[in-house]
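If you want the building blocks of each chain, they are given just below.
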Amino acid sequence: QGLWRAQARTDGSLALVCSPCAQSLSALGPAPLTVERAEVVVRADGADRYRGTLHVGQAPRALVFEWRGRFDNAGRQFRIDMALPRTPLADAVHVLGRDLPERDRVRVGGTIALTLDARWPQGPWRLRPQVDGFSVEGLGTERLIDLQRPMACRVDADAGVPTLEGWLPRAVIAAEDQRFLEHPGYDLAAMVDAWQHNQRPGVPLVGASTLTQQLAKIAFTGDERSATRKLRELLYAVEMERTLGKARIVQLYLALAPWGDGVCGAQRAVRVHLGQRDASTVGPVAAAWLASLLPAPDALLHADQARGSVDTARVERVLEAMRPMRPERREKALAQLPYWSPPAIDPPRPALLPALP
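Residues numbered from 1 in each chain as written. Predicted model: local features only at pLDDT ≥ 70, side-chain atom pairs only at ≥ 80, totals over all residues. Heavy atoms only, no water.

Student: Where do I start with the pattern of salt bridges in this structure?
Tutor: When their charged atoms lie close together, side chains carrying opposite charge are able to pair. If you walk through the whole model with that rule in mind, you get 22 salt bridges. Note that Glu36 is salt-bridged to Arg103, the shortest N-O span being 3.8 Å. Taken together, the positions of Glu36 in the loop between β4 (33–35) and β5 (38–44) and Arg103 in the loop between α1 (89–96) and β9 (107–120) put the pair 67 residues apart, joining distant regions of the chain. Notably, a salt bridge pairs Lys246 with Glu241, separated by 3.0 Å at the nearest N-O pair. (Salt bridge = Lys/Arg side-chain N within 4 Å of Asp/Glu carboxyl O. Helix = DSSP H or I, 4+ residues; strand = E, 2+ residues; numbered from the N terminus.)

Student: Which parts of the structure should I look at to understand the side chain of His273?
Tutor: Tracing the sequence through the fold places His273 in helix α7 (residues 266–274). When its relative accessible area of 4% is taken as the criterion, His273 is described as buried. Once you skip the residues sitting within four places of it in the chain, His273 turns out to touch Trp259, Gly260, Val263, Trp289, Leu290, Leu301, Pro342 and Pro343. (Buried < 20%, exposed > 50% of the residue type's maximum accessible area, 1.4 Å probe, protein only. Contact = heavy atoms within 4.5 Å.)

Student: Explain the packing of aromatic side chains to me, please; I cannot follow it from the model alone.
Tutor: In this description, a pair of aromatic rings is defined by centroid distance and the angle of the planes. The tally for this structure, following the rule as stated, stands at 7 aromatic pairs. Measuring from ring centre to ring centre gives 5.4 Å for Phe134 and Tyr186, while their planes differ by 55°; the resulting arrangement is tilted. Of the two residues, Phe134 is situated in strand β10 (residues 125–137) and Tyr186 in the loop between α2 (167–176) and α3 (188–197); the sequence distance between them amounts to 52 residues. Residue class for Phe134 comes out buried when judged on its relative accessible area of 17%. Following the ring pairs from residue to residue traces out a cluster consisting of Tyr50, Trp67, Phe71 and Phe78. Sitting over the ring of Trp167, Arg170 keeps its end group 4.3 Å from the ring centre. (Phe/Tyr/Trp six-rings, centres within 6.5 Å; stacked < 30°, edge-to-face > 60°. Lys NZ or Arg CZ within 6 Å of the ring centre and 35° of its normal.)

Student: Is there a simple way to think about the state of the cysteines in this case?
Tutor: Here a disulfide denotes a covalent bond joining the sulfur atom of one cysteine to the sulfur atom of another. Summed over the entire model, instances satisfying the criterion amount to 1 disulfide. Note on cysteine connectivity: Cys153 is disulfide-linked to Cys264, with sulfurs 1.9 Å apart. Taking the sign of the S-S torsion, -115° for the link of Cys153 and Cys264, the bridge is left-handed. Taken together, the residues Cys153 in the loop between β10 and α2 and Cys264 in the loop between α6 (246–256) and α7 connect sequence positions 111 residues apart. Taking relative accessible area as the criterion, Cys153 reaches 2% and is therefore assigned buried. (Disulfide = S-S within 2.5 Å.)

Student: What is the right way to read unusual backbone geometry from this model?
Tutor: Apart from glycine, the bulk of residues carry a negative phi angle, and the bulk of peptide bonds sit in the trans form. Between Ala59 and the following residue, Pro60, the backbone shows a cis peptide bond with an omega angle of 10°. Note that the residue after Arg323, namely Pro324, is joined by a cis bond; omega there is -5°. Relative to the assigned elements, Pro324 resides in the loop between α10 (312–321) and α11 (327–336). The backbone phi angle of Asp48 is positive, close to 60°, even though this residue is not glycine.

The values are spatial; any link to function lies outside them.
The structure is reproduced here in structure tokens:
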């Protein structure tokens with residue numbers, strides 16, 4: 001999106017320049033990603049073959065891709081192979097974060113390289129990125145160490161972040177981010193998988209946010225669907241991994257996560273949805289049900305209430321993914337699941353029920 005100017009050069013190449021230039025990415029919302037400048041240089045490289053460069057952003061911090069392309073299938077498709085050599089991540093953030101409020105104060109370390117191959121116009125586009133040494137400073141995420149919870153997330157006057165143990169933290173990780181203990185705040189493989197999936201026409205869009213990124217959305221960025229917000233979320237998540245650590249991130253997420261019907265925080269969710277006082281004592285089935293609501297709390301909670309029963313398939317997926325859990329304990333929980341329901345739901349029950357823990 002933008003006004004492109006074409007210029008034939010004396011060396012036989014063609015330059016196409018757009019400034020500013022925007023690209024719509026449906027998975028990131030209606031607002032396009034805007035860069036200050038884009039320039040495509042095209043040179044003939046034989047019959048139906050071309051090569052050139054793509055400069056994204058303003059020199060000297062532009063991202064410079066090299067590409068080769070050819071027409072095939074009787075000229076109906078143009079096959080492109082493109083590569084970005086190892087480039088400072090700071091330059092990528094500067095170029096892609098044109099509207100980033102933190103652009104002038106964030107300090108980004110590390111490098112990115114990527115290759116891309118595509119068939120245009122039908123697609124698909126295949127992306128293979130490599131990120132090394134990604135670090136972020138200057139965003140002030142360390143202030144979450146002393147976070148005071150909002151009133152809506154408390155069950156008493158204590159505004160601090162309680163330390164919750166037991167089954168619920170395991171269930172939340174199983175439901176939201178099974179590789180939480182392995183990634184540095186972002187899951188590059190999941191991001192690439194989501195990119196590939198979302199190119200298919202007519203399929204529901206999927207995301208790749210980690211639990212850390214979800215905490216960044218709750219605490220800092222809000223949930224606006226835009227490329228700028230996703231970039232901010234990524235930067236905050238990477239810094240939080242350094243300033244807070246995994247254990248604190250889980251506890252903060254449990255303290256702030258929305259749980260449907262205006263409820264936030266695990267302690268209040270346990271009080272309202274389960275009628276229990278302490279989130280640390282919730283059993284595995286109840287914990288798995290609560291965690292299973294997190295992808296869309298209001299919609300899933302209301303669906304269970306309207307159905308008059310728990311969506312056992314949804315809860316079973318969480319139980320199967322919970323770690324650590326002994327096999328015999330998992331089998332017992334799965335056997336109890338068809339007969340279990342929270343107080344807000346009163347399904348028909350058989351006369352005899354297995355004993356709950």
